[in-house]
Amino acid sequence: EIFDAELKNHDSGYEYLVKKQILRRLRDILLYHKENIGGLSVKSCEKVFNLTLDGVKFTGRADRIDLRSDGNGRNNHIVVDYKTGSTTKTPNLKKFNLEDRYAWPKTLKSVQLPLYVMFYMAESPKIALQAVDACLMLLGSHKITEEFLFDKSEDKAADLARLRKAVFCLVCEIRSAELDFEPAADIKTCEFCPFKIMCGRQWA
């Protein structure tokens, strides 16, 4: 029905090839879940979160929230975000240093997954942090993979506390009238940025 509505004449030519690619990728995704994720049940999809952190209102939408068995009779709560690309922007918790602000683009990278965990913990305070994680599911590479926020964490509570401080620091920077709006140090960051004209960086 979706192909009929969105991809006319999909039984021949270019449209047929597109349809076959879509169907093959959907099959790959289903096989990934079957072969790599055991004891899965989907708790919710397109979940909208609203949270106030340090007086600032945040809103987020999670693609999916799973309950996954850890094999020992316990369920882990996983906030899943789909990515059509093939690379990740998950924080490197071992290298991330709160004091080294200039290194954050390479070590913190993104606050999306930390915010998802904060959202979920605020909405479900009775769930232990040890049973909560967030991940990016990469759908754009040949092999589907997942990258977890706390995959290599030795102390989830300490790591989440550091990440929360980083979020607070970034919010303070955004709201500060004393800080100039400057382009990113790495010009690659600007390629798809919707604000690259505002910051004054010249593009060919």
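Given the structure is predicted, the values throughout are model-derived calculations rather than measurements. (Residues numbered from 1 in each chain as written. Predicted model: local features only at pLDDT ≥ 70, side-chain atom pairs only at ≥ 80, totals over all residues. Heavy atoms only, no water.)

Student: What is the right way to look at the overall build of the chain in this model?
Tutor: What the chain contains, in helices and strands, is 5 helices and 5 strands. Dimensions of the chain along its principal axes, counting C-alpha atoms only, are 60 × 55 × 30 Å. Within the chain, buried positions represent 34% of all 204 residues. Long-range contacts, defined as pairs at least 24 residues apart, comprise 52% of the intrachain contacts of the chain with a sequence gap of at least 6. Carbon and sulfur atoms make up 53% of the accessible area of the chain, which totals about 14,000 Å². (Helix = DSSP H or I, 4+ residues; strand = E, 2+ residues; numbered from the N terminus. Buried < 20%, exposed > 50% of the residue type's maximum accessible area, 1.4 Å probe, protein only. Contact = heavy atoms within 4.5 Å. Areas by Shrake-Rupley, 256 points an atom, 1.4 Å probe, with all protein chains shown as cover.)

Student: What am I meant to see in the nonpolar core here?
Tutor: Within soluble globular proteins, side chains that are nonpolar tend to cluster in buried spots. In this structure, Phe58 and Val117 are the most contacted members of the largest nonpolar core, which totals 34 residues. Ranked by the residues each element gives to this core, the list is headed by helix 4 (residues 112–123), at 8 residues. Tyr32, Ile37, Ile78 and Ile144 belong to the second largest nonpolar core, which has 9 residues in total. (Core = buried A, V, L, I, M, F, W, Y, C linked by side-chain atoms within 4.5 Å.)

Student: Looking at this structure, how should I read a nonpolar patch on the surface?
Tutor: Together, Ile22, Leu23 and Leu26 make up an exposed nonpolar region whose accessible area comes to about 230 Å². Residue position: Leu23 is located in helix 2 (residues 13–36). (Patch = residues over 30% accessible without salt bridge, like charges linked within 9 Å, V, L, I, M, F, W, Y side chains within 5 Å. Salt bridge = Lys/Arg side-chain N within 4 Å of Asp/Glu carboxyl O.)

Student: Whenever I open this one, the confidence of the model for the chain confuses me. Can you help?
Tutor: Residues shown with low pLDDT carry predicted positions that ought not to be read at fine detail. Per-residue pLDDT for the chain has a mean of 90; in total, 98% of the residues score no lower than 70. Across the chain, the secondary-structure element scoring lowest on mean pLDDT is helix 1 (residues 2–6), at 90, and the one scoring highest is strand 4 (residues 132–138), at 96. (pLDDT = per-residue confidence, 0-100.)

Student: Looking at this model, I keep getting lost on the packing of aromatic side chains. Mind explaining?
Tutor: The geometry of an aromatic ring pair is captured by two quantities: the separation of the ring centres and the angle between the planes. Counted under the stated rule, the structure contains 2 aromatic pairs. An angle of 20 degrees between the planes, with centres 5.5 Å apart, marks the rings of Phe49 and Phe119 as stacked. Of this pair, Phe49 sits in strand 1 (residues 40–53) while Phe119 is found in helix 4, placing the two residues 70 residues apart along the sequence. Positioned above the aromatic ring of Phe49 is the side chain of Lys47, whose terminal nitrogen or guanidinium carbon lies 5.7 Å from the ring centre. (Phe/Tyr/Trp six-rings, centres within 6.5 Å; stacked < 30°, edge-to-face > 60°. Lys NZ or Arg CZ within 6 Å of the ring centre and 35° of its normal.)

Student: Please clarify how the packing of helix 4 against helix 5 (residues 156–175) should be interpreted in this entry.
Tutor: The relative placement of two packed helices comes down to the angle between their axes together with the axis-to-axis distance. Between helix 4 and helix 5, whose axes approach to 10 Å, the crossing angle comes to 110 degrees. Relative to helix 5, helix 4 is oriented roughly perpendicular. Of helix 5, the residues touching helix 4 (which contributes Pro114, Leu115, Val117 and Met118) are Leu160, Leu163, Arg164 and Val167. Grouping the constituent residues of the contact of helix 4 with helix 5 by class yields 7 nonpolar, no polar and 1 charged. (Axes fitted to C-alpha atoms, helices over the stretch in contact; angles between N-to-C directions. Parallel < 35°, antiparallel > 145°, perpendicular 65-115°, else oblique. Nonpolar A, V, L, I, M, F, W, Y, C, P; charged D, E, K, R; others polar.)

Student: How should the sheet that holds strand 4 be read in this particular structure?
Tutor: Hydrogen bonds between backbone groups are what pair the strands of a sheet, and the pairing can be parallel or antiparallel. Pairing within the open sheet is mixed, and its 5 strands lie in the order 1-2-3-4-5. Across the chains shown, the open sheet's two edge strands, defined by having one partner strand only, are strand 1 and strand 5 (145–148). The sheet shows a mean angle of 35 degrees between the axes of neighbouring strands, taken without regard to direction. Bridge analysis of strand 4 against strand 5 gives 4 bridges, and the strand direction is antiparallel. Looking at the pairing, Met137 lines up with Glu146 of strand 5. (Pairing = 2+ DSSP bridges.)

Student: What's the story with the pattern of salt bridges in this structure? I'm lost.
Tutor: Two side chains bearing opposite charge may form a pair once their charged atoms approach each other closely. Counted according to the given criterion, the structure contains 11 salt bridges. When the shortest N-O distance is used, the salt bridge between Arg64 and Asp66 registers 2.7 Å. On the basis of relative accessibility, which here comes to 0%, the residue Asp66 falls in the buried class. Arg101 is the salt-bridge partner of Glu173, the closest N and O atoms lying 2.8 Å from each other. Pair noted here: Glu173 is in helix 5 and Arg101 is in the loop between strand 3 (75–83) and helix 3 (104–107), with a separation of 72 residues, a long-range link.

Student: So what exactly am I meant to see when it comes to the side chain of His10 here?
Tutor: Residue placement: His10 occurs in the loop between helix 1 and helix 2. For His10, a relative accessible area of 12% corresponds to the buried category. A polar contact of 2.7 Å, which involves the side chain of His10, links it to the side chain of Asp4. Apart from the residues within four sequence positions on either side, His10 is in contact with Phe3, Asp4, Glu15, Tyr16 and Lys19. (Polar contact = N/O pair within 3.5 Å; in protein donor to acceptor, adjacent residues only side chain to side chain.)

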